[in-house]
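# Observations on chain architecture
Take a look at the letters that make up each chain.
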Amino acid sequence: MTAQFDIKSYPGNIINGKFVSTQATRHSIDPATGEALYEVPVASKDALDAAVGHARDAFKTWSKTSFGERAKLVLRWADAIEANKDELGKLLTTEQGKPIDLANTEVGLTVQWLRTFATLELKDEVLDDNEERTIYLTRVPIGVCGAIVPWNWPVLLGLGKVGPALLTGNTIIMKPSPFTPYCDLKLGELAMGIFPPGVFQVLSGDDSLGPWMTEHPGIDMITFTGSIETGKRVAASCAKTLKRYVLELGGNDAAIVCEDVDIPKCLPKITMMAFLNSGQICMCAKRIYVHEKIYDEFRDAMVEFTKNHVKTGGGFEPGVVVGPVQNAMQFKFVKDMYADVDKYGWTAALQGKARDDSKGYFIEPAIIDNPPDDSRIVVEEPFGPIVPLLKWSGEDEVIDRANGLKTGLGASVWAKDLERAERMARRLSAGSVWVNSHFDVAPNVPFGGHKESGIGVEWGIEGMKKFTNTTSLWVWKKVFA
Ligand code: NAD
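Thresholds, definitions, all that
- Residues numbered from 1 in each chain as written.
- Predicted model: local features only at pLDDT ≥ 70, side-chain atom pairs only at ≥ 80, totals over all residues.
- Heavy atoms only, no water.
- Helix = DSSP H or I, 4+ residues; strand = E, 2+ residues; numbered from the N terminus.
- Rg over C-alpha atoms; globule rule 2.2 N^0.38 Å.
- Buried < 20%, exposed > 50% of the residue type's maximum accessible area, 1.4 Å probe, protein only.
- 1 Å grid on protein atoms, 1.4 Å probe; cavity = no way out; pocket = protein on both sides within 12 Å on 5 of 7 lines; lining within 4 Å.
- Points joined across faces, edges and corners; volume = space filled by probe spheres on them.
- Nonpolar A, V, L, I, M, F, W, Y, C, P; charged D, E, K, R; others polar.
- Expected span 1.5 Å × (residues − 1).
- Contact = heavy atoms within 4.5 Å.
- Pairing = 2+ DSSP bridges.
- Axes fitted to C-alpha atoms, helices over the stretch in contact; angles between N-to-C directions.
- Near = heavy atom within 4 Å.
- Polar contact = N/O pair within 3.5 Å; in protein donor to acceptor, adjacent residues only side chain to side chain.
- Areas by Shrake-Rupley, 256 points an atom, 1.4 Å probe, with all protein chains shown as cover.
- Sits in = over half its atoms within 2 Å of the grid points.
- UniProt positions renumbered as here; feature names shortened; annotations may be inferred.

Turning to the overall build of the chain, a few remarks are in order. Counting its regular elements, the chain contains 15 helices and 26 strands. Taken against the 2.2 N^0.38 rule, which gives 23 Å for 481 residues, the C-alpha radius of gyration of the chain at 23 Å falls within 12% of a compact globule. Judged by the C-alpha coordinates and their principal axes, the chain covers about 75 × 60 × 45 Å. Looking at the chain as a whole, 57% of its 481 residues qualify as buried.

What follows deals with the environment of N84. With respect to the helices, strands and loops of the structure, N84 is situated in the loop between α2 (67-83) and α3 (85-96). N84 gets classed as buried once you look at its relative accessible area, which sits at 1%. Counting along the chain gives 106 residues from N84 to L190, while the straight-line C-alpha distance between them is 9.0 Å.

Approximately 1400 Å³ is the volume found for the largest pocket. Along the wall of the largest pocket there are 45 residues; nearest its centre are G226, S227, I228, E229 and T230. Secondary structure elements with two or more residues in the lining of the largest pocket: α7 (209-215), β10 (221-225), α8 (228-239) and α11 (328-343). Per-element tally for the lining of the largest pocket: the top contributor is α8, with six residues. Considered class by class, the residues forming the lining of the largest pocket number 19 nonpolar, 14 polar and 12 charged. Within this model, the second largest pocket holds a volume of roughly 220 Å³. For the second largest pocket, the lining is made up of 14 residues, of which R70, L122, R139, P141 and T168 are closest to its centre. Those elements that provide at least two residues to the lining of the second largest pocket are α2 and β6 (133-141). Top element by residues in the lining of the second largest pocket is β6. It accounts for four residues.

Attention shifts here to α3. Taking 1.5 Å as the rise per residue, α3 with 12 residues should run 16 Å; its terminal C-alpha atoms sit 16 Å apart, in good agreement. Listing the buried residues of α3 in full gives L88, G89, L91, L92, T93, T94, E95 and Q96. As for α3, its buried residues are in contact with β3 (25-29), β4 (36-41), α2, α4 (100-117) and α6 (182-191).

Before going further, it helps to examine the sheet that holds strand β26 (residues 468-476). Each strand in a sheet pairs with its neighbour through backbone hydrogen bonds, running either in the same direction (parallel) or in the opposite one (antiparallel). With respect to topology, three strands assemble into an open sheet ordered β5-β6-β26, the strand pairing being antiparallel. The open sheet has two free edges, formed respectively by β5 (125-129) and β26, since each of these has just one partner strand. Each neighbouring strand pair of the sheet contributes to a mean axis angle of 20°, computed without reference to strand direction. Relative to β6, β5 runs antiparallel, the two sharing four bridges. Counted as the bridge partner of D128 is I135 from β6.

This brings us to empty space enclosed by the protein. By the definition in use, this model includes four cavities of 30 Å³ or more. Reported here for the largest cavity is a volume of approximately 80 Å³. Counting residues per element, the ones that place at least two in the lining of the largest cavity are β12 (253-257), β19 (407-408) and β20 (410-414). Size it by volume and the second largest cavity reaches roughly 60 Å³. Among the residues forming the lining of the second largest cavity, the class breakdown is seven nonpolar, three polar and no charged.

Our focus in this paragraph is the site of the ligand. Close to the ligand lie 26 residues; V149, K175, T230, L249 and E381 are nearest. The contact in question runs from an oxygen atom of the ligand to an N or O atom on the side chain of K175, over 2.8 Å. Burial of the ligand by the protein chains amounts to 89% of its free accessible area of 860 Å². A molecule is said to occupy a pocket when more than half its atoms come within 2 Å of that pocket's grid points, and by this definition the ligand occupies the largest pocket. Elements that contribute at least two residues to the shell around the ligand include exactly α7, β10 and α8. When its residues are assigned to classes, the shell around the ligand shows 14 nonpolar, nine polar and three charged.

As a further point, take the UniProt feature "active site" (unreviewed entry) in the chain. Following the UniProt record, the feature "active site" (unreviewed entry) maps to E248 here. Residue placement: E248 occurs in strand β11 (residues 244-248). Setting aside chain neighbours within four positions, we find E248 in contact with F224, T225, G226, F447, G448, G449, S453, G456, V457 and E458.

Below, the structure is given as structure tokens:
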């Protein structure tokens, strides 16, 4: 099927159902080649004001539509995305760097997510009902939302915000990361003929646009995914207008491997969960605690597996797992982390290195052998293909270490003894905890972080609720009887 859009053409931001061009344009970089990609709009403050005005107008009617009507349009959008999935997958690899299979998976999951969201209706609850009175808990949309999207999963994480916002009766303006604006603009283009003007708009901009959105008095809620540092700025800015917000922030997930596991059965998954998307996933396994009885065997097997099965290269090369790091800033950050290996005398079980002979941001996986608990590679989120293995011996001790950071996004326990694994899992402070898996997500399951990994949740019924205010509605029936 021919795509319904031209991947090279970005005529404007999507405002009130039309393309609106901007005076300034900019482009992002293909992380695999270092070459400039296509020109995209740069929204001005006036453009944001106009979009907010249209979103406020559109809210008046959209918020009155039924869930069924909204769901019908969201499902049509899911169909349009599915019909263009191949082009979107290629565009995603081009702009983000991830291997094409993973890009196609991201697009496919997004379609599945929208279709599931379209079944998650928030119904009134009856809190009390007697002859005198009925008390309802009813949920009303908040108003105009702003979605601020990161560069690591721009399609799934973008629409993971937009779908629930629309289905609960809000209007929404999506701002892609300046590093990955392309797919998000095309998703807006596909939505143009589906939703009424002003209901869903997309603004591509530079670094000023996010702060303008969080400050804007006409935006009622911000749904944000990104780093902890930026999340704190978003919260501070939202406080000035008492905007609602949901923050999905960074993680530094612990995976705890017990001594009774079959190493060949769990090692491939744990290794992939460390290096998938070049380690640029908020819920990658970023600290792998292995019981001392099996530590050496596990480490050696992980090094072998990584050498043989975790190929680094361009996202369109067959068999690649580790694509380029997404941008120059992140590349520098990750290279700095690699430089710390020598600087602090850590032992590298697998050395890994940046490919300085390429214009792309390629860096091969590294495995650090039992560094001190207070080293940067353990304490900070690297967001690159480098992971520490850490030795443990006692259950209490390893739980304390796993819980010892300010992050709490995901965590996992790997063990044959399920009773023990579940007991340990229940003691981990994280928004998602898995036994014998890592990084499972689903559209009907809420997802969020404890501690500095976030505030609120996305997805599932609990995530839908975050896009609403509650109204307690008291109906007295006998006053005029
Ligand atoms: P980032 O914080 O640099 O940027 C995220 C978004 O915020 C971008 O769209 C950016 O333009 C915008 N932004 C930047 N400064 C802003 C400001 N002052 N006000 C408003 N908006 C602003 O994050 P990133 O580098 O794009 O993403 C990587 C980080 O995101 C990692 O820490 C990762 O763990 C985290 N992340 C978290 C989740 C989650 O669901 N918890 C998912 C993916 C990524």
